[in-house]
Amino acid sequence: MEEIKVIFHIDELNKWGLLLKNVENLIRAVDDKDLNIEVLANSEAVKAYALNNELNSKIIFIKELKNRNVKFVACNNALNSFNIKKENLINFVDIVPVGVLELINKQKCGYSYIKP
């Protein structure tokens, strides 16, 4: 099977449930050994990565997906705008300088773009 490369983009807090379900459904639909999935959060959606957020049930689901090789990324500009420090994030979240540039670069590398 051909490798599937996908970047999921989220910028709204209220869309996390939908996005995570989309990721889970994709993993179930194909052999996850052939999947390369990244979830990029920018704007207010980065708040879900904060350890002291109101979406604790989502953090559990995020950790489960991380254990299935899903990569979670936060936009540094968004973190700065909401005064969220790196040490206050879930420990496996990677930070990119500019979220929109990450989206552009991933698409140049053949990633499909999905925004629920």
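Before reading on, note that the structure itself is shown above.
What comes next concerns the included structure. (Residues numbered from 1 in each chain as written. Predicted model: local features only at pLDDT ≥ 70, side-chain atom pairs only at ≥ 80, totals over all residues. Heavy atoms only, no water.)

## Details of the sheet that holds strand β5 (residues 112-114)
Then step 1. Taken in spatial order, the five strands make up an open sheet running β4-β3-β2-β1-β5, and their pairing is parallel. In this open sheet, the two edge strands, each paired with only one partner strand, are β4 (94-96) and β5. Sheet twist, expressed as the mean angle between neighbouring strand axes with direction ignored, is 30°.
Then step 2. Both strand β1 (residues 4-10) and β5 contribute to a ladder of three bridges, which runs parallel. (Pairing = 2+ DSSP bridges. Helix = DSSP H or I, 4+ residues; strand = E, 2+ residues; numbered from the N terminus. Axes fitted to C-alpha atoms, helices over the stretch in contact; angles between N-to-C directions.)

## A look at the side chain of K106
Then step 1. Along the chain, K106 falls in helix α4 (residues 99-108).
Then step 2. A polar contact is formed between the side chain of K106 and the side chain of E38, at a distance of 3.3 Å.
Then step 3. Discounting residues that sit within four places of it in the chain, K106 has contacts with I7, E38 and Y111. (Polar contact = N/O pair within 3.5 Å; in protein donor to acceptor, adjacent residues only side chain to side chain. Contact = heavy atoms within 4.5 Å.)

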